[in-house]
Amino acid sequence: MSTPITVLIGPPGAGKSTVGEALARRLGAELRDTDTEIEARAGKAVADIFVEDGEEAFRALERRVVAETLAEWDGVVAVGGGAVLDADSRRGLAEQHVVYLQVEFEDAAKRVGLNQARPLLAGNPRARLKRLLEERLPVYEGLATATVSTSGRHPEEVVDAIVELLPERGRNGGAR
Ligand SMILES: Nc1ncnc2c1ncn2[C@@H]1O[C@H](COP(=O)(O)OP(=O)(O)O)[C@@H](O)[C@H]1O
Ligand SMILES: O=C(O)C1=C[C@@H](OP(=O)(O)O)[C@@H](O)[C@H](O)C1
Ligand SMILES: [Mg+2]
């Protein structure tokens, strides 16, 4: 059993995957992005899982991958933006060091664009993203050990801010 150095949560476009990579590099640790792990296990892209198997199937796989990652990973973790919707995953996250990456609506919209890789935003991406941010805000805030704003900050600046807020173990790359 291991414990991640920290887990990045936040909405699509917050930069969890990008900042997760940069943070892991900075700490000399490795990143597990749950979406990447889900894609590896399913043998297809997240967007294709949504289309071919449905959101429920994606969420079930996400729940399993989150639980296993929290139990076995000792590096940095980035979860998908919707991982916090699952009660079991929330219980698991409540025991972790969790960094909520905040993003203003306009920045998230710009970053996500009309990228079809995010099936949840299909249809009317701006309206869907706006509602998603509003609905999930209290969930992200409730789980956060630390909160870091990403708007107007380069990913490396976001990493600087996260490192400042990490417990001692995280700042030296996870060595105990
Ligand atoms: N701090 C930032 N400033 C500007 N662009 C960013 C920032 N963080 C991420 N991005 C860009 O936004 C897009 C979404 O980032 P990503 O890491 O996939 O977010 P998430 O995993 O939270 O959905 C990518 O194109 C990425 O390069
Ligand atoms: O917010 C969500 O429900 C989702 C976010 C995506 O990940 P990112 O937050 O990394 O974009 C991905 O897991 C899936 O498309 C669902
Ligand atoms: Mg991501």
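Residues numbered from 1 in each chain as written. Chains lettered and ligands numbered in written order. Predicted model: local features only at pLDDT ≥ 70, side-chain atom pairs only at ≥ 80, totals over all residues. Heavy atoms only, no water.

Caption draft 1: Local environment of the overall build of the protein. Scanning the protein from terminus to terminus reveals nine helices and five strands. When the backbone C-alpha atoms are referred to their principal axes, the protein occupies close to 45 × 35 × 25 Å. Here the protein holds 176 residues, and the buried ones make up 46% of them. Sequence separation of 24 or more characterises 74% of the internal contacts of the protein that already satisfy a separation of 6 or more. Per element, the accessible surface of the protein, about 8800 Å² overall, is 48% carbon and sulfur. Seen as two clouds, the 23 positive and the 29 negative side-chain charges of the protein have centres 2 Å apart. (Helix = DSSP H or I, 4+ residues; strand = E, 2+ residues; numbered from the N terminus. Buried < 20%, exposed > 50% of the residue type's maximum accessible area, 1.4 Å probe, protein only. Contact = heavy atoms within 4.5 Å. Areas by Shrake-Rupley, 256 points an atom, 1.4 Å probe, with all protein chains shown as cover. Lys, Arg positive; Asp, Glu negative; His and termini not counted. Charge placed at Lys NZ, Arg CZ, Asp CG, Glu CD.)

Caption draft 2: The packing of helix α1 (residues 16-27) against helix α8 (residues 155-165), seen in detail. Where α1 contacts α8, the two axes come as close as 9 Å, and the packing angle between them is 60°. In terms of axis orientation, α1 runs oblique to α8. In the packing of α1 onto α8, the handedness of the crossing is right-handed. Residues Thr18, Val19, Ala22, Leu23, Arg25, Arg26 and Leu27 of α1 pack against Pro155, Glu156, Val158, Val159, Asp160, Ile162 and Val163 of α8. (Axes fitted to C-alpha atoms, helices over the stretch in contact; angles between N-to-C directions. Parallel < 35°, antiparallel > 145°, perpendicular 65-115°, else oblique. Left-handed = near helix turned anticlockwise from the far one by under 90°.)

Caption draft 3: Structural detail: the site of ligand 2. Around ligand 2 there are 13 residues in total, and Lys16, Arg59, Gly81, Arg118 and Arg136 lie nearest to it. At 2.8 Å from an oxygen atom of ligand 2 is found a side-chain nitrogen or oxygen belonging to Asp35. Between ligand 2 and the protein, one listed contact pairs an oxygen atom with a side-chain N or O atom of Arg136 at 2.7 Å. About the coverage of ligand 2: the protein hides 95% of its 390 Å² of free accessible area. In this structure the site holding ligand 2 corresponds to the largest pocket. Here the shell around ligand 2 is built from residues that sort into five nonpolar, three polar and five charged. (Near = heavy atom within 4 Å. Polar contact = N/O pair within 3.5 Å; in protein donor to acceptor, adjacent residues only side chain to side chain. 1 Å grid on protein atoms, 1.4 Å probe; cavity = no way out; pocket = protein on both sides within 12 Å on 5 of 7 lines; lining within 4 Å. Sits in = over half its atoms within 2 Å of the grid points. Nonpolar A, V, L, I, M, F, W, Y, C, P; charged D, E, K, R; others polar.)

Caption draft 4: Geometry of the packing of helix α2 (residues 34-42) against helix α4 (residues 55-72). Two elements in contact, α2 and α4, have axes whose closest approach is 10 Å; the angle formed by their N-to-C orientations is 115°. Remark: the crossing between α2 and α4 carries right-handed chirality. Across the interface between the two elements, Thr34, Asp35, Glu37, Ile38, Arg41 and Ala42 from α2 touch Phe58, Leu61, Glu62, Val65, Val66, Glu68 and Thr69 from α4. In terms of residue class, the contact of α2 with α4 is made up of six nonpolar, two polar and five charged.

Caption draft 5: Summary view of the packing of aromatic side chains. For the structure on display, the rule yields two aromatic pairs. Their ring planes at 40° and their centres at 4.9 Å tell us that Phe50 and Phe58 sit as a pair that is tilted. As far as the burial class goes, Phe50 and Phe58 line up, both buried. Ring centres 5.4 Å apart and planes at 20° place the aromatic pair Tyr100 and Tyr140 in the stacked group. Residue Tyr100 is found in strand β4 (residues 98-102), and its partner Tyr140 is found in helix α7 (residues 125-143); the two are separated by 40 residues along the sequence. The same class applies to Tyr100 as to Tyr140, namely buried. For Lys130, the ring lying beneath its charged end belongs to Phe105, and the centroid distance is 5.8 Å. (Phe/Tyr/Trp six-rings, centres within 6.5 Å; stacked < 30°, edge-to-face > 60°. Lys NZ or Arg CZ within 6 Å of the ring centre and 35° of its normal.)

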